[in-house]
Amino acid sequence: MVDLYPQIFKRKSIRDYYLEPLEEVVLQNVLEQVNNLEPLYDDIKVDLKIVSSDDVNPRMMKKAPYYLAVFSENKEGYKTNIGFLLQQMDLFFSAHGLGSCWQGIPQPKKRVVESSDIKFIILMAFGKPKVQLHRTSNLEFNRKPLPKISDIKNEGYIGALLEAARLAPSATNSQPWFFKGNNHVIHAYSFKPNILRAIMLKKYIKIDMGIALYHIKLAAEHLGKTVRIVFDDAGREKTPNRYEYVASVKIN
Ligand SMILES: Cc1cc2nc3c(=O)[nH]c(=O)nc-3n(C[C@H](O)[C@H](O)[C@H](O)COP(=O)(O)O)c2cc1C
């Protein structure tokens, strides 16, 4: 399998696509990847389907030729699990010359929502990009600087893991994460938005956290480390004010 790590530094949201169908072999390749995704929590039932632009109401967004429609059982951690799973597809598309974009605004039509017995969560658009697919420099990322999202000493490999998280995409680019810890463990926390921002962001914050956790894991594995993502009481106890504990990445 290709190492998706380099895609972290190249990927960007693509919102402009050619609407022609993709070749069958390309779609088969996408399906194969969908069937090989690694969940964060393997006891949560999920379902991913490829649907076409006719199956989606794009609202104010431009149409894409295809979407992944994602469904999940509603269990503790389910949104974080979806972020973790679907970010693997975002990076996969980027590695295979296809554009993609997480899509909170467009909605699938009723027949899609009713095609699964578990809850519809979110769409990801994909297809051949009409615009440049990749970023060519870190400077093209509009992101918070590292000290704003972590108080871990930036030494050795830990800096690379935090940088991977820093560059992760998030809904409205809100970057709701904060990381504490040391060389052996990264505790991840999500921002509690104020009431006004909560209306827009609440639905997506935990998905964003799953995305960042996947980037950390990918970076760690790229550097030859093994990780376990767990709930950790010590991490929970250190939760900063106005944040919520999400999970801890233990690194060996
Ligand atoms: C959960 C989620 C939902 C999103 N929904 C939309 C959306 O509805 N429309 C859109 O144009 N972008 C959407 N985005 C893309 C973000 O705006 C984008 O990731 C962020 O601005 C960072 O830019 P980048 O992905 O190009 O690095 C979404 C991203 C996430 C993670």
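Cut-off values and rules
- Residues numbered from 1 in each chain as written.
- Predicted model: local features only at pLDDT ≥ 70, side-chain atom pairs only at ≥ 80, totals over all residues.
- Heavy atoms only, no water.
- UniProt positions renumbered as here; feature names shortened; annotations may be inferred.
- Helix = DSSP H or I, 4+ residues; strand = E, 2+ residues; numbered from the N terminus.
- Rg over C-alpha atoms; globule rule 2.2 N^0.38 Å.
- Buried < 20%, exposed > 50% of the residue type's maximum accessible area, 1.4 Å probe, protein only.
- Contact = heavy atoms within 4.5 Å.
- Pairing = 2+ DSSP bridges.
- Near = heavy atom within 4 Å.
- Polar contact = N/O pair within 3.5 Å; in protein donor to acceptor, adjacent residues only side chain to side chain.
- Areas by Shrake-Rupley, 256 points an atom, 1.4 Å probe, with all protein chains shown as cover.
- Nonpolar A, V, L, I, M, F, W, Y, C, P; charged D, E, K, R; others polar.
- Domains from an automatic or database assignment.
- Axes fitted to C-alpha atoms, helices over the stretch in contact; angles between N-to-C directions.

- In the annotation of an unreviewed UniProt entry, the entry for the protein chain reads Nitroreductase, and the organism field reads Methanobacterium formicicum.
- Per UniProt, the protein chain carries the Sequence similarities (unreviewed entry) text "Belongs to the nitroreductase family."

1. Concerning the overall build of the protein chain
Working step 1: Assigned secondary structure in the protein chain consists of seven helices and 10 strands.
Working step 2: Its C-alpha radius of gyration of 18 Å places the protein chain within 12% of the 18 Å reference for a compact globule of 252 residues.
Working step 3: Referenced to the eigenvectors of the C-alpha coordinate spread, the extents of the protein chain come out at roughly 50 × 35 × 35 Å.
Working step 4: Across the 252 residues of the protein chain, 52% fall into the buried class.
Working step 5: Counted over contacts in the protein chain with a minimum sequence separation of 6, partners at least 24 positions apart contribute 76%.

2. Focus: the pairing of strand β7 (residues 177-181)
Regular strands place their side chains on alternate faces of the sheet.
Working step 1: Counting buried positions along β7 gives four out of five residues, so the element sits mostly inside the fold.
Working step 2: Summarising the sheet, β7 and strand β8 (residues 185-191) pair through five bridges and their orientation is antiparallel. Following the sheet pairing, Lys180 is matched in β8 by His187.
Working step 3: Hairpin remark: β7 followed by β8, antiparallel, with three residues in the connecting loop.

3. Some points on the site of the ligand
Working step 1: Neighbouring residues of the ligand: 23 residues in total, closest Arg11, Ser13, Arg15, Ile105 and Arg143.
Working step 2: The separation between an oxygen atom of the ligand and a polar main-chain atom of Ile105 is 2.8 Å.
Working step 3: Look at the ligand: alone it shows 620 Å² of surface, and the protein chains cover 89% of it.
Working step 4: Elements represented by at least two residues in the shell around the ligand include exactly β4 (99-103) and α6 (195-222).
Working step 5: Residue contributions to the shell around the ligand peak at four residues, all from α6.
Working step 6: Looking at the shell around the ligand residue by residue, the classes come out as 11 nonpolar, six polar and six charged.
Working step 7: When we break the shell around the ligand down by domain, the ones giving at least three residues each are domain 1 (5-127) and domain 2 (142-251).

4. Concerning the sheet that holds β8
Working step 1: If you trace the four strands from one edge of the open sheet to the other, you get β7-β8-β10-β9, paired in antiparallel fashion. In this open sheet, the two edge strands, each paired with only one partner strand, are β7 and β9 (227-230). Each strand axis lies, on average, 25° off the axis of its neighbour in the sheet, ignoring direction.
Working step 2: With seven bridges joining them, β8 and strand β10 (residues 243-251) adopt antiparallel strand pairing. Directly across from Ser190, in β10, lies its bridge partner Glu244.
Working step 3: The strands touched by α6 are β7, β8, β9 and β10; relative to β8, the strand with the most contacts, the crossing angle is about 160°.

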